Amino acid sequence: MTSRTRRRQSITEYRPSPGAVRGPRARRGAIVVLVAILLVAMVGMFALAVDFGRLDTLRADLQKSADAAALAGAVELIPVVPHIPADAEIVATTWVAKNSAMHSPITVLDAQCGSWTDVGPVFLNTSCADPTANSIFVTVSRQSSGLFMTALGVSPPILTAKS
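Residues numbered from 1 in each chain as written. Predicted model: local features only at pLDDT ≥ 70, side-chain atom pairs only at ≥ 80, totals over all residues. Heavy atoms only, no water.

Student: Looking at this model, I keep getting lost on the packing of aromatic side chains. Mind explaining?
Tutor: Two measures describe an aromatic ring pair: the distance that separates the ring centres and the angle between the ring planes. The final tally for this structure, using the stated rule, is 2 aromatic pairs. Three or more aromatic residues link up through ring pairs in this structure, and these residues are W116, F123 and F137. The ring of W95 has K98 lying over it, and the distance from NZ or CZ to the ring centre is 4.6 Å. (Phe/Tyr/Trp six-rings, centres within 6.5 Å; stacked < 30°, edge-to-face > 60°. Lys NZ or Arg CZ within 6 Å of the ring centre and 35° of its normal.)

Student: Got a minute to help me understand the state of the cysteines in this structure?
Tutor: Each disulfide is one covalent bond, formed between the sulfur atoms of two cysteines. Scanning the entire structure with this criterion turns up 1 disulfide. What pairs with C113 in a disulfide is C128, and their sulfur atoms sit 1.7 Å apart. As the torsion about the S-S bond is roughly 80°, the C113-C128 disulfide counts as right-handed. Separated by 15 residues along the polypeptide, C113 in strand β1 (residues 107-116) and C128 in the loop between β2 (123-125) and β3 (135-143) bring together distant segments of the chain. Given the relative accessible area of 1%, C113 is considered buried. For C128, a relative accessible area of 5% translates into the label buried. (Disulfide = S-S within 2.5 Å. Helix = DSSP H or I, 4+ residues; strand = E, 2+ residues; numbered from the N terminus. Buried < 20%, exposed > 50% of the residue type's maximum accessible area, 1.4 Å probe, protein only.)

Student: Whenever I open this one, helix α4 (residues 88-98) confuses me. Can you help?
Tutor: In an α-helix there are 3.6 residues to a turn, and that puts residues three or four apart on one side. Those residues of α4 not exposed but buried are A88, V91, A92 and V96. All buried residues of α4 fall inside an arc of 145° around its axis, so they share one side. The exposed set on the far side of α4, more than 90 degrees from its buried face, consists of I90, A97 and K98. (Arc of directions from axis to C-beta.)

Student: Would you mind going over a nonpolar patch on the surface with me for this structure?
Tutor: Where nonpolar side chains cluster on the molecular surface, the patch consists of I31, V32, L34, V35 and L38 and spans about 470 Å² of accessible area. Along the chain, the position of V32 falls in helix α3 (residues 28-76). (Patch = residues over 30% accessible without salt bridge, like charges linked within 9 Å, V, L, I, M, F, W, Y side chains within 5 Å. Areas by Shrake-Rupley, 256 points an atom, 1.4 Å probe, with all protein chains shown as cover. Salt bridge = Lys/Arg side-chain N within 4 Å of Asp/Glu carboxyl O.)

Student: Please explain the nonpolar core as it appears in this structure.
Tutor: General note: in soluble globular proteins, nonpolar side chains tend to be found buried as a group. If you look at the biggest cluster of nonpolar residues, it comprises 21 residues, and the most contacted ones within it are L62, I136, V138 and V140. Among the elements of the structure, α3, α4, β3 and β4 (158-162) are those that each provide at least two residues to this core. With 6 residues, the single largest contributor to this core is α3. Leave out the neighbours within four places in its chain, and I136 touches A70, G73, A74, L77, A88, E89, A92, Q112, C113 and S163. (Core = buried A, V, L, I, M, F, W, Y, C linked by side-chain atoms within 4.5 Å. Contact = heavy atoms within 4.5 Å.)

Student: Whenever I open this one, the pairing of β3 confuses me. Can you help?
Tutor: Among the 9 residues of β3, 7 are classified as buried, and the element is accordingly described as predominantly covered. Two elements, β1 and β3, share 7 bridges in a ladder whose sense is antiparallel. Considered in β3, the bridge of A111 is made with V138. As defined by bridge partners, β3 adjoins β4 across 5 bridges and the pair is classed as antiparallel. By the bridge assignment for β4, T139 is matched with K162. (Pairing = 2+ DSSP bridges.)

Student: Even after reading the chapter, I still don't get the pairing of β1, so can you show me in this structure?
Tutor: Every regular strand shows the same layout, with side chains that alternate between the two sheet faces. In the sheet, β1 pairs with β2 via 3 bridges, with the strands oriented antiparallel. Residue pairing in the sheet places S115 in a bridge with L124 of β2. Here β1 hands over to β2 after 6 residues, the two strands then running antiparallel side by side.

Here is the structure:
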C-alpha cells in the first residue's frame, strides 16, 4: 500500500459530526440563549450584592448610633458637678435621635443603666442614680428597606445593634 492509498483511505473513513456538516451558521442562535440565561443569573447576583451591601451599611450605622448613645449616657454617669446621673438614659435616647441609619430615624428599644461585674462579663441592671452604676446598655433597631428583596417576595429584616 502506498502513501497515496493510505491517505485516501483515511479521508474516506472520516465521518464528520452532523453539526460540522451544517456549519457554524446553524449554531448561531445557541449563543443568544446562553447569553440570555447568563445575563439573568448575573443580574440576580448583582441584586443580591446590592441588598447585602445595604444591609451591612445599615448594620454599621446602627452600631455607630448605639455606641454614640452609650458613650453619651456613660459621660453622664461620671460623678462631677454639671452631670446628673439620673439623666443618663434620657441623654442616650437623645443621642440616638440625633443620629440616623441610611438617612432614616432609628428606634431605641432599650437604654438601661447598670454595672459590669468583675467576675465575668455580666451586666447588672441598676438605677442610674445608684452610685455603683458605671455603664449604660443601649439597644437600637431599624427596619431595613430591601430594594430587590421585596421584588422577590422576601420581607426585609429588622436589624438591631447593642452597645
